[in-house]
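Residue-level structural notes
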Amino acid sequence: MGQVLTSTQQWFDKTNNAMGMVSFATLLMMFSNDLWQLDWTPRTWVRWMVYFDSLAFLISYIGTSLEDLMPYCWQRNAFKLAAGIVWSLKDALKYGYLAFKATKISGYQNLRFPYYLAACGSLVLYWIFLLTGYGFVEPNCAPMTKSQVPRLALYLYWSVVDLGTSVVVINKMRQVISASKEVKMDHTEFYTVKFREEIRLLIASIGMSIVTVLSIISIVEPKFNVLSIWRIVFVYLQLVMVMASQTVPTSQTTISNHAIVSDLSDPPGKSQKSSSYQSRTR
């Protein structure tokens, strides 16, 4: 059994080294489905997330490929730090977007500070982790501290945002189901179309919360022997987040007051009006 787990772990380690390919594939999918447009509003933060993730992986892969040409550890750490800074921006936008969706779904359309606070909180904690995690003084470039507290604080923060988003989505779905039973209509089509993207968002938020919890456990208890699959899982869940932003079912009936309406089906600046229970897919 131990040999099987060892070989499986080796396979996951090799797979994790190529997880940037998933981000690059997600970027290609965005262009293929006409999801590449950007603006400065939170509704496109999920797209910014993919751009920054792809850029960070590109920097990381270039640094790894050039390690033989960089004899000093500060040179190698410079590439790692540059990639880390870009990843910090990516994660800030990702968790800001999750908070934005949770705020929108809960009905507080004009409340802005939660998602900006979520993004800034992730960014600050990530930068603290980077500041303490890399050294640039030869001969061994020892980090400022070997404490795992900055990493632990970052993962705990992400877990709170992930779990909070999951709770909001589940609660809103319960309200929609309860309210729809009072309306004489065929609910099968409504549920199939209406909850398609919400389920994807829920999968992403719950999946990332599980990943971060496992990471926290491994930090607190280093002997906790679990396959390190969370890095590759993270990029696949980001793909799910982008997929969840593609369709937008809307309704003009009473049930729309309880509906969970997404906001990324149209390019920035376009209207989101549609007929009853219409689903539009790019």
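Residues numbered from 1 in each chain as written. Predicted model: local features only at pLDDT ≥ 70, side-chain atom pairs only at ≥ 80, totals over all residues. Heavy atoms only, no water.

1. Considering the environment of Val86
- Mapped onto the elements, Val86 comes out in helix α4 (residues 73–105).
- Given a relative accessible area of 10%, Val86 falls into the buried group.
- Between the C-alpha atom of Val86 and that of Asp53, which follows or precedes it by 33 residues, the distance is 7.3 Å. (Helix = DSSP H or I, 4+ residues; strand = E, 2+ residues; numbered from the N terminus. Buried < 20%, exposed > 50% of the residue type's maximum accessible area, 1.4 Å probe, protein only.)

2. Thoughts on the packing of helix α2 (residues 20–32) against helix α3 (residues 45–65)
- In the contact formed by α2 and α3, the axes pass within 9 Å of each other and the chain directions differ by 140 degrees. On the basis of the axis angle, α2 is oblique to α3. The handedness of the crossing between α2 and α3 is left-handed. For the pair α2 and α3, the contacting residues are Gly20, Met21, Ser23, Phe24, Thr26, Leu27, Met30 and Phe31 in the first and Arg47, Val50, Tyr51, Asp53, Ser54, Phe57, Leu58 and Tyr61 in the second.
- Across the contact of α2 with α3, the residue classes break down as 10 nonpolar, four polar and two charged. (Axes fitted to C-alpha atoms, helices over the stretch in contact; angles between N-to-C directions. Parallel < 35°, antiparallel > 145°, perpendicular 65-115°, else oblique. Left-handed = near helix turned anticlockwise from the far one by under 90°. Contact = heavy atoms within 4.5 Å. Nonpolar A, V, L, I, M, F, W, Y, C, P; charged D, E, K, R; others polar.)

3. Details of unusual backbone geometry
- Despite not being glycine, Asp34 shows a phi value in the positive range, around 60 degrees.
- Its location among the elements puts Asp34 in the loop between α2 and α3.

4. Focus: the nonpolar core
- Membership of the largest hydrophobic core comes to 52 residues, with the highest contact counts inside it found for Trp45, Tyr95, Leu98, Tyr126, Met208, Met241 and Val242.
- Looking at this core, the elements with two or more residues in it are α2, α3, α4, α5 (113–133), α6 (149–180), α8 (196–220) and α9 (230–244).
- At 11 residues, α4 tops the list of elements feeding residues into this core. (Core = buried A, V, L, I, M, F, W, Y, C linked by side-chain atoms within 4.5 Å.)

5. A closer look at α2
- With 13 residues, α2 should cover 18 Å at 1.5 Å per step; its first-to-last C-alpha distance of 18 Å lies within 8% of that length.
- Residues of α2 that are buried include every one of Gly20, Val22, Ser23, Thr26, Leu27, Met29 and Met30, and no others.
- Of the residues trailing α2, Asp34 is marked for its positive phi of about 60 degrees. (Expected span 1.5 Å × (residues − 1).)

6. Remarks on the environment of Lys80
- Inspection of the secondary structure assignment puts Lys80 in helix α4.
- Sequence-wise, Lys80 and Tyr134 are 54 residues apart; in three dimensions their C-alpha atoms are separated by 8.5 Å.

7. Side note on the confidence of the model for the chain
- For the chain, per-residue confidence averages 78 on the pLDDT scale, and 76% of positions sit at 70 or higher.
- Per-element mean pLDDT across the chain ranges from 56 in helix α7 (residues 187–194) up to 94 in α3.
- Here residues 247–282 scores under 50 on pLDDT; set against residues more than four positions off or in separate chains, the count is 115 contacts. (pLDDT = per-residue confidence, 0-100.)

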